[in-house]
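Reading the structure
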Amino acid sequence: MLDLLLSDLTLPDGRIVDLQVQDGIVVHAGSAAPAHQTIDCRGLFVLPAAIDMHVHMRGGAQSVKEDWTTGSRSALAGGVTVVVDQPNTVPPIIDHEHLSARVADAAAHSYCGFGVNGAVTGDARIAELWQGGALAFGEVFIAPSSYGEALTSEVQQRTFAEIHQLGGLVTVHAEEVSGTAPTGLRQHCMQRSPTGEERAVHALQGSCAPGQRVHCCHMSTAGSVDAAHRAGMTAEVTPHHLLLSIERFANTDTHGRVNPPLRSEHDQRELFLAWDRIDLIASDHAPHTRDEKAQAFETAPSGLPGVETMVPLLMAHVLTGEFTLASVVQKTVAAPARVLGIPPAGFAAGDRADFALYPREAVTVEAADLHSRCTWTPYQGMSAVFPDQVIMRGTVVFDHGDFTRIDPHWYRGRGYMERPQI
């Protein structure tokens, strides 16, 4: 008796199969077989569940914004079963002690699978983090950002060399910053300009050893994506840079303030048209409270929520024919799994049995329907396709708004060495 059967499932190549799942793994795609639970998939998009390799789950001193419970529920409700938490927490993830505490917090409270990155700072213990299970390193701040200071060139070169020697992946926040505190979105965009972002990507090469694995976070223009590729790096793009522009917001609306900044409608459209050149999509989920965003523009924090809306927004463009279903799966499942070195979900025997089941109709994004603790979204009123059900390791963990918690899997980096119990 199988654990789960997904019946009449349409594969990306158009074949209709019954997908057999046992012990959290796909065992066969073909004919039906007796199962403890059968889900009829007729008329649904069934996608391997997404990996969001760039989230800030907050917690601890920042729990008023988000924590592992609310953030991971938000992820599941958006069809994401694996998130990668960034290390610029309070306190930052600079050594084994802080990494272990972060992992323990996630293991106790997360509803989805997770990885945790190690910080790259002047006092970070790189080898200790690598052996402790850090999935990757960074995002490394080449320019200052909320809760992240820029590295000096000396620290950057030293730490990059150590990470390269260990075989780790460096993920980088590449920007140039000029001027004083911005007074609006347009000034913010100019002070962290598209050309400055491209120059920062180019300058990265001087800090990297030949063959070093480098991933550029949240590239905000098509030119930056191309600059990363010319430098031999992978490039991630967020839905907010792909779909939003500064023209969508009043100039002093802090809900559009994020680093790198939102760009002009022209630049946003050029990035949208560069869809096929984008390696992967990640949300840079970085929630702040309504009160924090209600501050004057000069002092309001940069960042916005996005893990729950990431795939649903893309799926709306699948319905319109602007994106193919296969390309969405490639950029939210296969590519992040390849970059991170973790097994993807999929339909073949032996694949991880994580799936999201989507209706074939869009709805309007409403902040009141989302699950992040920050209670707002920059995508209010936009079209999206949210999953009805989400399966993780063969168990239905989200079902029409209801959550079921199972022990989340910790995705460790390749350097992990289990410490002996004392």
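Coordinates for the structure precede this section.
Residues numbered from 1 in each chain as written. Predicted model: local features only at pLDDT ≥ 70, side-chain atom pairs only at ≥ 80, totals over all residues. Heavy atoms only, no water.

Structural notes on the packing of aromatic side chains
Summed over all chains, the structure comprises eight aromatic pairs. Both rings, one in Phe272 and one in Phe323, keep their centres 5.1 Å apart while their planes meet at 35 degrees; by these two values the pair is tilted. Taken as a pair, Phe272 in helix H9 (residues 265–273) and Phe323 in the loop between helix H11 (310–319) and helix H12 (325–340) lie far apart in primary sequence, 51 residues in all. With a relative accessible area of 7%, Phe272 lands in the buried category. Look at Trp275 and Phe323: their rings are 3.7 Å apart centre to centre, the planes differ by 10 degrees, and that puts the pair in the stacked class. With a gap of 48 residues between them, Trp275 in the loop between H9 and strand E13 (280–281) and Phe323 in the loop between H11 and H12 connect regions that are remote in the sequence. Like Phe323, Trp275 is buried. The aromatic ring of Trp275 is capped on one face by Lys331, whose charged end is 5.1 Å from the ring centroid. Over the aromatic face of Tyr416 sits the side chain of Arg412, whose NZ or CZ is 4.7 Å from the ring centroid. (Phe/Tyr/Trp six-rings, centres within 6.5 Å; stacked < 30°, edge-to-face > 60°. Helix = DSSP H or I, 4+ residues; strand = E, 2+ residues; numbered from the N terminus. Buried < 20%, exposed > 50% of the residue type's maximum accessible area, 1.4 Å probe, protein only. Lys NZ or Arg CZ within 6 Å of the ring centre and 35° of its normal.)

Observations concerning the nonpolar core
As a rule of thumb, nonpolar side chains are buried together in soluble globular proteins. Val83, Val172, Leu204, Leu242 and Met315 are the most contacted members of the largest nonpolar core, which has 95 residues in total. When residues in this core are grouped by element, the largest group, six residues, is from H11. Those residues in contact with Met315 that sit more than four places away from it in its chain are Phe45, Leu47, Leu325, Val328, Tyr358 and Val385. Judged by nonpolar contacts, the second largest core, of 18 residues, contains Leu6, Leu9, Val26 and Ala353. (Core = buried A, V, L, I, M, F, W, Y, C linked by side-chain atoms within 4.5 Å. Contact = heavy atoms within 4.5 Å.)

Observations concerning the environment of Trp130
Position of Trp130 relative to the elements: it lies in helix H3 (residues 126–132). Sequence-wise, Trp130 and Leu370 are 240 residues apart; in three dimensions their C-alpha atoms are separated by 35 Å. What Trp130 contacts, discounting residues up to four positions off in sequence, is Leu135, Phe137, Leu166, Gly167, Gly168, Arg414, Gly415 and Tyr416.

Thoughts on the packing of helix H6 (residues 194–204) against helix H7 (residues 222–230)
Two elements in contact, H6 and H7, have axes separated by 9 Å at closest approach and are oriented at 10 degrees. Classed by the angle they form, the pair H6 and H7 counts as roughly parallel. Residues Pro194, Glu197, Glu198 and Val201 of H6 lie in contact with H7, whose contacting residues are Gly223, Ser224, Ala227 and Ala228. Residue classes in the contact of H6 with H7 are distributed as four nonpolar, two polar and two charged. (Axes fitted to C-alpha atoms, helices over the stretch in contact; angles between N-to-C directions. Parallel < 35°, antiparallel > 145°, perpendicular 65-115°, else oblique. Nonpolar A, V, L, I, M, F, W, Y, C, P; charged D, E, K, R; others polar.)

Digging into the sheet that holds strand E6 (residues 50–55)
Strand order in the open sheet made by the three strands is E6-E7-E8, with parallel pairing throughout. Lying at the two open borders of the sheet, with one neighbouring strand each, are E6 and strand E8 (113–116). Strand-to-strand, the axes of this sheet are offset by a mean angle of 20 degrees, without reference to chain direction. With four bridges connecting them, E6 and strand E7 (residues 80–85) associate as parallel partners. For Asp52, the partnering residue across the bridge sits in E7 and is Val83. Where helix H1 (residues 68–77) meets the sheet, it contacts E7 and E8, and its direction lies at approximately 135 degrees from that of E7. (Pairing = 2+ DSSP bridges.)

Some words on empty space enclosed by the protein
Under the counting rule described, the total for this entry stands at three cavities of 30 Å³ or more. In this structure, the second largest cavity spans a volume of roughly 80 Å³. Looking at the second largest cavity, it is lined by 15 residues, and the ones nearest its centre are Ser74, Pro305, Leu370, Ser372 and Trp376. Classifying every residue of the lining of the second largest cavity by side-chain character gives six nonpolar, eight polar and one charged. (1 Å grid on protein atoms, 1.4 Å probe; cavity = no way out; pocket = protein on both sides within 12 Å on 5 of 7 lines; lining within 4 Å. Points joined across faces, edges and corners; volume = space filled by probe spheres on them.)

Let's talk about the sheet that holds strand E12 (residues 234–237)
Overall, parallel pairing links the five strands, which are arranged E9-E10-E11-E12-E13 in an open sheet. Only two strands of the sheet have a single neighbouring strand rather than two, namely strand E9 (137–141) and E13. Alignment of strand E10 (residues 170–173) against strand E11 (residues 214–216), held across three bridges, turns out to be parallel. When the sheet's bridge partners are listed, Val172 is paired in E11 with Cys216.

Here's the deal with unusual backbone geometry
The omega torsion across Val90 and Pro91 is 0 degrees, close enough to zero to call that bond cis. Secondary-structure assignment places Pro91 in the loop between E7 and helix H2 (96–109). At the junction of Asn259 and Pro260, the peptide bond is cis and its omega measures out at -10 degrees in the coordinates. With respect to the helices and strands, Pro260 occurs in the loop between helix H8 (239–243) and H9. The phi dihedral of His400 is positive, around 50 degrees, even though this residue is not glycine. Considering the arrangement of structural elements, one finds His400 in the loop between strand E18 (395–399) and strand E19 (402–403).

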